[in-house]
Amino acid sequence: MALMEYREALNTALREEMERDSLVFLMGEGIGEKGGSYRVTDKLMAQFGEKRVIDTPISEASFVGMAGGAAIAGTRPVVELLFVDFAYLVMDQVANQVAKFNFMTGGQGVVPFVLRTQGGIGNGLAGEHSQSLEAIFYHVPGLQVIMPATPYDAKGLLKASIRSDEPVIFIEHKKLYLTEGDVPEEEYLVTIGKADIKRGGKDVTLVTYSYMTQESLKAAEILTKEGIDVEVIDLRTLVPMDMDCILQSVRKTGRLVVVHEAVRRGGIGGDIVSNVVEEAFYDLEAPVKRIAGKNTTIPFNINLEKLCIPSVEEIAAGVREVYAS
């Protein structure tokens, strides 16, 4: 094992896949000489050259559309969208072209396309650069949506995404880039569509993903001292979602809490709760609970920003409420 930062794990995944397959190339704003705003693509242009690490103008709709066309033509582009907030600029290209191409060609066309981006709060970047918009992509048939929480998962899932013949939306979190974790030095992949039980428990099932996985684990440690044993499930992949893992856990604990940073209204948590109620209603011993971001625009002030998403204390309080029901 090697101790790696999250961003270093992503960088290593990109380097390994570009070395393995000459059809893999990168596109995005500032990813070349600058190495990306969060240094994920650092030094890749120096190794692979300007034809495989392409700095683009500030023209998201244009270069995401170009990447989609390149994927249809047989290459494997990894295109970087600087902020997930810019998803609104590229939804025609992604949702109406890339996501539907296989279906519209009767299964004859594959689109090995990866869109990397980052979201969430953390740097006081205000309402247009701090959103969590995964539910937009989650709603589009034909897209895989991946949000890893650890360096190990980030590397393994990015490599699997690049090798996939189906389009992938790969969303990273600002506050995870500098987190560290053990990453195998040998070749490995993480299976798309498999959740990971980050902490076993018997009293309450807590389902989450991305940065909220870290906060949920902190809450679980606090609750352990109070005699509440929380099982923390990191979805890792939102589409496809590992409902079997969730249902198995709920049938064991009889209680469910879902946590995500994105706003509560229209969030993925509501879909998870609905599925559990449909499939395991009689296994539940208490009402289910969603803990999510506030239905508000993210403010510029960094202290106010923190109040817009679930805190460790809020997560712990929600679990206590469900456990006591």
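Refer to the structure printed above.
All of these numbers come straight from a predicted model, not from anything done at the bench.

When helices and strands are tallied, the protein shows 12 helices and 14 strands. Long-range contacts, defined as pairs at least 24 residues apart, comprise 83% of the intrachain contacts of the protein with a sequence gap of at least 6. Total accessible area on the protein is roughly 13,700 Å²; 53% of this is exposed by carbon and sulfur atoms. For the protein, the centre of its 33 positive side-chain charges and the centre of its 46 negative side-chain charges are spaced 2 Å apart.

As summarised here, the arrangement of the five strands in space is 9-11-10-13-14, forming an open sheet in which the pairing is mixed. Each edge of the sheet is formed by a strand with only one pairing partner; in this case those strands are strand 9 (196-199) and strand 14 (289-293). Strand-to-strand twist in this sheet, taken as the mean axis angle between neighbours without regard to direction, amounts to 25 degrees. As paired strands, strand 13 (residues 256-263) and strand 14 are joined by five bridges and run parallel to one another. Across the sheet, the residue bridging to Val263 is Gly293, located in strand 14. Each of strand 10 (204-208), strand 13 and strand 14 touches helix 10 (residues 268-280); the most contacted strand, strand 13, lies at about 155 degrees to it.

A word on the packing of aromatic side chains. Applying the stated criterion across every chain, the model contains five aromatic pairs. When the ring of Tyr38 is compared with that of Tyr177, the centres are 4.7 Å apart and the planes differ by 20 degrees; the resulting orientation is stacked. Of this pair, Tyr38 sits in the loop between strand 2 (24-28) and helix 2 (44-48) while Tyr177 sits in the loop between strand 7 (168-173) and strand 8 (180-183); the two residues are 139 residues apart in sequence, bridging distant segments of the chain. Judged by its relative accessible area of 18%, Tyr38 is buried. When its relative accessible area of 3% is taken as the criterion, Tyr177 is described as buried. The interplanar angle of 15 degrees and the centroid separation of 4.7 Å between the aromatic rings of Tyr152 and Tyr188 together place this pair among those described as stacked. Here Tyr152 is found in helix 7 (residues 151-163), whereas its partner Tyr188 is found in the loop between strand 8 and strand 9, with 36 residues between them in sequence. The exposure class of Tyr152 is partly exposed, given its relative accessible area of 32%. Tyr188 sits in the buried class, given a relative accessible area of 9%.

On to the environment of Met4, then. By secondary structure assignment, the location of Met4 is in strand 1 (residues 2-5). Judged by relative accessible area, Met4 falls into the buried class, the value being 10%. Each residue touching Met4, except ones within four places of it in the same chain, is listed here: Ala9, Thr12, Pro151, Thr179, Glu180, Gly181 and Val183.

Here we take up the pairing of strand 4 (residues 76-81). Strand 4 sits mainly inside the fold: six of its six residues count as buried. Of the pairings in the sheet, the one linking strand 2 to strand 4 comprises five bridges and is parallel in character. Paired with Met27 across the bridge in strand 4 is Val79. Alignment of strand 4 against strand 5 (residues 114-119), held across four bridges, turns out to be parallel. The residue bridging Val79 from the neighbouring strand is Leu115, located in strand 5.

Let's shift gears to unusual backbone geometry. At the junction of Val239 and Pro240, the peptide bond is cis and its omega measures out at -5 degrees in the coordinates. Secondary-structure assignment places Pro240 in the loop between strand 12 (237-239) and helix 9 (243-253). We note that Arg236 has phi near 65 degrees; this positive angle belongs to a residue other than glycine. Judged by relative accessible area, Arg236 falls into the buried class, the value being 9%.

So, on to the side chain of Lys155. For Lys155, the position within the fold is in helix 7. According to the relative accessible area criterion, Lys155 is buried, its value standing at 1%. Discounting chain neighbours no more than four positions away, the residues touching Lys155 are Ala9, Thr12, Ala13, Glu16, Val183, Pro184 and Tyr188.

Taken as a whole and judged by the stated rule, the model has 27 salt bridges. The partner of Arg163 in a salt bridge is Glu187, and the shortest N-O contact between them spans 2.5 Å. Of this pair, Arg163 sits in helix 7 while Glu187 sits in the loop between strand 8 and strand 9, and the two are 24 residues apart along the sequence. In this structure Arg163 comes out as partly exposed when scored by relative accessible area, which is 27%. Between Lys289 and Glu321 there is a salt bridge, with its nearest N and O atoms 3.4 Å apart. Residue Lys289 is located in strand 14, and its partner Glu321 is located in helix 12 (residues 312-324); the two are separated by 32 residues in the primary sequence. Judged by its relative accessible area of 24%, Lys289 falls in the partly exposed class.

For helix 3 (residues 60-72), built from 13 residues, the straight-helix expectation of 18 Å at 1.5 Å per residue is met to within 8% by its first-to-last C-alpha distance of 18 Å. Of all the positions in helix 3, only Glu60, Phe63, Val64, Ala67, Gly68, Ala70 and Ala71 are classed as buried. Down the axis of helix 3, the sector holding all buried residues measures 160 degrees, keeping them to one side. Looking at the packing, one finds that the buried side of helix 3 touches strand 2, strand 4, helix 4 (87-98) and strand 5. Phi for Gly74, located one or two positions after helix 3, is positive at around 120 degrees.

The rules behind these values
Counting restarts for each chain: residues are numbered from 1 in the order of the written sequence. Only residues with pLDDT of 70 or above have their local features reported here, since the model is predicted, and side-chain atom pairs are shown and tallied only from 80 upward, although totals for entire chains, interfaces and linings are computed over all residues. The basis for every side-chain value is the complete set of non-hydrogen atoms in the structure, without hydrogens or water. The way it works is that DSSP assigns letters per residue, a run of H or I at least four long becomes a helix, a run of E at least two long becomes a strand, and they are numbered from the N terminus. Throughout, a residue-residue contact means that at least one pair of heavy atoms, one from each residue, lies within 4.5 Å. Note on areas: Shrake-Rupley with a 1.4 Å probe; residue coverage comes only from the protein chains shown. The convention is simple: Lys and Arg are positive, Asp and Glu are negative, and His and the chain ends are not counted. Note on charges: their place is set at NZ of Lys, CZ of Arg, CG of Asp or CD of Glu. Between any two strands, at least two bridges found by DSSP are needed for them to pair. Here, axes are lines fitted to C-alpha atoms. For helices the fit covers the stretch in contact, and angles between N-to-C directions go from 0 to 180 degrees. Classification of ring pairs uses Phe, Tyr and Trp, with its six-membered ring standing for Trp, and accepts pairs whose centres are within 6.5 Å; under 30 degrees between planes counts as stacked, over 60 as edge-to-face, and the remaining range as tilted. Think of it in three bands: residues with accessible area under 20% of the maximum for their type are buried, residues over 50% are exposed, and the middle band is partly exposed, with areas taken using a 1.4 Å probe on protein chains only. For salt bridges, the criterion is a side-chain nitrogen of Lys or Arg within 4 Å of an Asp or Glu carboxyl oxygen. To estimate how far a helix should extend, the number of its residues minus one is multiplied by 1.5 Å. Note that the arc is computed from the directions linking the helix axis to the C-beta atoms.

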